[in-house]
Every structure is written in C-alpha cells, then in structure tokens.
Amino acid sequence: MSITNNSVASFHYTLKDDDGNTIDSSQDQEPLPYLHGSGNIVPGLERELEGKVVGDKLSVIVKPADGYGEFDESLIQELPKAMFAGVDDIQAGMDFHAQTEHGQQVVTVTKVDGDTVTVNGNHPLAGKNLHFDIEVTDIREASAEEIEHGHVHGPGGHQH
C-alpha cells in the first residue's frame, strides 16, 4: 500500500534548520501518524510523502511557502501593557491567545519595554527552510470516522 489521500501514514522524522541544528525529532518516540490529504502536516512535506511506501526513507527541504509561511512583519505589534490585564509579570517568550480578524491566534512576547509589549504572531518556523529526514513506518486505510473528522484517531477511537 502506498500513501494516498485518506490513508493514515506514520513516519519517524528529524527536522533541522539550515545550519543543521535539530529542531524536533520523533526518534526514541512513537512515529507520527497523520491523515494524508487533510492538511495535518505542512503542505510541502505532505506532497513529498504522496506515493511513498513502508520502509521508504527520504530527505526533503520544504521552503517557507510550503511550510509555515513567509515571515510577515505586519504580525509584529507593539501593544500597551494594559492590554494584558491580570498578568503581573509579562516576559519575553510568553505565549498568549489573541482574538484577531482571522480568528484566534497565538502571539509570542518578544520584548517588554516599560509599558509597551512587543508581540509576534508569526509561527516560530515562519520564513525558515525545513529540512526533514523521514522514514515511513506504517500505512493503513483510514476509518470512515477519521475521514469525517479530518484527523487520525488513537487506539480505541477518537480522543476529543
């Protein structure tokens, strides 16, 4: 069986940046399962996995446009500290959920300067090339419920 739309594929991965630094890896963990064709992983990687079979190993470079998008300067904003009512100690690196015209979005505090808080709404990997080393470990047909829900369910059914 090969990876096609509405199949559940599992794979081990190591994700590195342009300098060869490991960003994330599934080594020493369970392989990552996903429902192919449902947008559960970045589009560039999903496209490269199409047609692969168990045992296939591949190295893929996903450009920002096919990964987490280009870095968007307009998603960096300076906000008054008063907008963070109820948070006593705002520090760089903290994440907050913000309601935007595009729905809820996670923003990361990048700087606190007096009464001004700078936040960044870009994904941490926006604008970066993604270097994946992949090994396909399993492929199966998705259940009707997984297809309907648009994601893989764990053993015993859905967990939501």
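The paragraphs below set out a description of the structure included in this document.

Thresholds, definitions, all that
- Residues numbered from 1 in each chain as written.
- Predicted model: local features only at pLDDT ≥ 70, side-chain atom pairs only at ≥ 80, totals over all residues.
- Heavy atoms only, no water.
- 1 Å grid on protein atoms, 1.4 Å probe; cavity = no way out; pocket = protein on both sides within 12 Å on 5 of 7 lines; lining within 4 Å.
- Points joined across faces, edges and corners; volume = space filled by probe spheres on them.
- Helix = DSSP H or I, 4+ residues; strand = E, 2+ residues; numbered from the N terminus.
- Nonpolar A, V, L, I, M, F, W, Y, C, P; charged D, E, K, R; others polar.
- Core = buried A, V, L, I, M, F, W, Y, C linked by side-chain atoms within 4.5 Å.
- Buried < 20%, exposed > 50% of the residue type's maximum accessible area, 1.4 Å probe, protein only.
- Contact = heavy atoms within 4.5 Å.
- Pairing = 2+ DSSP bridges.

**Comments concerning the layout of surface pockets**
Part 1: Of the pockets and cavities examined, the largest pocket occupies roughly 310 Å³.
Part 2: Around the largest pocket sit 17 residues that line it, and Gln77, Ala98, Thr100, Val107 and Val119 are the ones nearest its centre.
Part 3: Listing elements by their share of the lining of the largest pocket, those giving two or more residues are strand E5 (76–80), strand E6 (95–100) and strand E7 (103–113).
Part 4: At five residues, E6 tops the list of elements feeding residues into the lining of the largest pocket.
Part 5: Of the residues in the lining of the largest pocket, the class split is eight nonpolar, eight polar and one charged.
Part 6: For the second largest pocket, the calculated volume is near 160 Å³.
Part 7: Phe11, Tyr13, Leu15, Ile23, Asp24, Leu32, Ile41, Val42, Leu45, Tyr68 and Phe132 together form the lining of the second largest pocket.
Part 8: Residue assignment for the lining of the second largest pocket shows that the elements contributing at least two residues are strand E1 (7–16) and strand E2 (22–25).
Part 9: In terms of residue count, E1 provides more of the lining of the second largest pocket than any other element does, three residues in total.

**Quick notes on the nonpolar core**
Proteins that are soluble and globular tend to have nonpolar side chains buried together.
Part 1: In terms of nonpolar packing, the biggest core is built from 19 residues, with Phe11, Leu45, Leu49, Phe132 and Ile134 touching the most fellow members.
Part 2: Within the residue set of this core, elements represented by two or more residues are E1, helix H1 (43–49), strand E4 (57–62) and strand E9 (130–141).
Part 3: For isoleucine 134, the contacting residues outside a window of four places in its chain are Phe11, His12, Tyr13, Leu45, Leu49, Asp56, Lys57 and Leu58.
Part 4: Within the second largest apolar cluster, eight residues are counted, among which are Leu79, Phe84, Val117 and Val119.

**Regarding the pairing of E6**
Part 1: Two strands pair when backbone bridges link them, and E6 and E7 are joined in this way by six bridges, in the antiparallel orientation. Pairing of phenylalanine 96 across the sheet is with valine 107, part of E7.
Part 2: Adjacent in sequence and paired antiparallel, E6 and E7 are bridged by two residues.

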